[in-house]
Amino acid sequence: MKNRTNTRWLTQLALLVAVLLVMNYTPLGYLQVGPLSMSLLTIPVAIGAMTLGPVAGGVFGTTSFVSALRTPSVMSAAMLQASPVGTFITCFVARVLVGLCAGWVYIGIKKLLPKNTKLCCAVGAVATPLLNTFWFMLSLCVFFFNTEYVQSLCATFGTTNPFLFVCAFVGVQALVEAVGCGIVATLVTVPLLKFLKK
């Protein structure tokens, strides 16, 4: 029975990886909005983190880092030039933390509200893009806030305060991603959990 469970989990993980790769290497995964990429990848990450567990959510980091290396945006190119290590942490480690933390948020809320699957899924789904924004912007500010590229963005927004910079830079985007992921990931995850009998 354990082998069947492992095979099933690996098959589901492989499907998640396939969806992430398709979304990552086609226009389906990101909407370019100014200097930022509005990520739709948090939707399958949220679904994977809630249905397969925190480890499955960590796949996001790999696709994000490979994308930053293969097809860099203006921002990721500037980051890579300023600090390859900081870019690795921002694009890989921070993204792995998104999936892990999203899975843990879902597990935690499920323990608090074991009978309310829809609410648990909604919380997990909304948490994923918010965690994505939090970890990305935290590492961006830690490693790149004093770089010429980020300081030029700060000047554009008229602020020198890191917190105000984050709010101006991604505030609306984070809310739009949270609403979109909250709706889509919840609508997919609730029936999927019933189908998987979880």
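Residues numbered from 1 in each chain as written. Predicted model: local features only at pLDDT ≥ 70, side-chain atom pairs only at ≥ 80, totals over all residues. Heavy atoms only, no water.

Before going further, it helps to spend a moment on the state of the cysteines. Counted under the stated rule, the structure contains zero disulfides. Cys 141 takes part in no disulfide bond, and the closest cysteine sulfur, belonging to Cys 154, lies 7.6 Å away. Here Cys 141 falls in the buried class, since its relative accessible area comes to 18%. Accessibility expressed as a relative area gives 1% for Cys 154, which makes it buried. (Disulfide = S-S within 2.5 Å. Buried < 20%, exposed > 50% of the residue type's maximum accessible area, 1.4 Å probe, protein only.)

One finds Met 75, Met 137, Leu 140, Val 150, Phe 165 and Phe 169 to be the most contacted residues of the largest nonpolar core, which totals 16 residues. Every element with two or more residues in this core is listed here: helix H5 (74–82), helix H7 (117–144), helix H8 (148–157) and helix H9 (162–196). Sort the elements by how many residues they give to this core and H7 lands first, with five residues. Among residues more than four places away in sequence, those in contact with Met 137 are Phe 165, Val 166, Phe 169 and Val 170. Ile 43, Ala 46, Ala 125 and Leu 193 belong to the second largest nonpolar core, which has 13 residues in total. (Core = buried A, V, L, I, M, F, W, Y, C linked by side-chain atoms within 4.5 Å. Helix = DSSP H or I, 4+ residues; strand = E, 2+ residues; numbered from the N terminus. Contact = heavy atoms within 4.5 Å.)

For any two helices packed against each other, one specifies the inter-axial angle together with the distance between the axes. Orientation of helix H6 (residues 84–112) relative to H7, taken along the N-to-C sense of each, is 155°, at an axis distance of 8 Å. Considered as vectors, H6 and H7 are oriented roughly antiparallel to each other. Judged by the twist between their axes, the crossing of H6 over H7 is right-handed. Grouping the constituent residues of the contact of H6 with H7 by class yields 19 nonpolar, seven polar and two charged. (Axes fitted to C-alpha atoms, helices over the stretch in contact; angles between N-to-C directions. Parallel < 35°, antiparallel > 145°, perpendicular 65-115°, else oblique. Left-handed = near helix turned anticlockwise from the far one by under 90°. Nonpolar A, V, L, I, M, F, W, Y, C, P; charged D, E, K, R; others polar.)

Moving on to a nonpolar patch on the surface. A cluster of nonpolar side chains, Val 179, Ile 183, Val 184, Leu 187 and Val 188, forms an exposed patch at the surface whose accessible area comes to about 440 Å². Secondary-structure assignment places Leu 187 in helix H9. (Patch = residues over 30% accessible without salt bridge, like charges linked within 9 Å, V, L, I, M, F, W, Y side chains within 5 Å. Areas by Shrake-Rupley, 256 points an atom, 1.4 Å probe, with all protein chains shown as cover. Salt bridge = Lys/Arg side-chain N within 4 Å of Asp/Glu carboxyl O.)

This next bit is on helix H2 (residues 42–52). An α-helical turn contains 3.6 residues, so a residue and the one three or four places further along point in the same direction. In terms of burial, H2 is a largely internal element, 11 of the 11 residues being buried. Burial in H2 covers these residues: Thr 42, Ile 43, Pro 44, Val 45, Ala 46, Ile 47, Gly 48, Ala 49, Met 50, Thr 51 and Leu 52. Remark: Gly 53 follows H2 within two positions and exhibits a positive phi of approximately 110°.

As a further point, take H8. Among the residues of H8, Tyr 149, Val 150, Leu 153 and Cys 154 are the ones counted as buried. All buried residues of H8 lie within an arc of 140° about the axis, which places them on one face of the element. Residues of H8 that are exposed and point over 90 degrees away from its buried face: Glu 148 and Ala 155. Turning to H8, the residues buried within the fold contact H5, H7 and H9. Phi turns positive one or two residues past the end of H8, at Gly 158, with a value near 70°. (Arc of directions from axis to C-beta.)

The next thing to look at is the environment of Ile 109. Along the polypeptide, Ile 109 turns up in helix H6. Spatially, the C-alpha atoms of Ile 109 and Leu 119 are 8.8 Å apart, while their sequence positions differ by 10 residues. When near neighbours in sequence (up to four residues on either side) are disregarded, Ile 109 contacts Cys 120 and Val 123.

A few words on the packing of H5 against H7. Where H5 contacts H7, the two axes come as close as 11 Å, and the packing angle between them is 40°. Classed by the angle they form, the pair H5 and H7 counts as oblique. Crossing of H5 against H7: the hand is left-handed. Two secondary-structure elements touch here, H5 through Met 75, Met 79 and Ala 82 and H7 through Phe 136, Leu 140 and Phe 144. Residue classes in the contact of H5 with H7 are distributed as six nonpolar, no polar and no charged.

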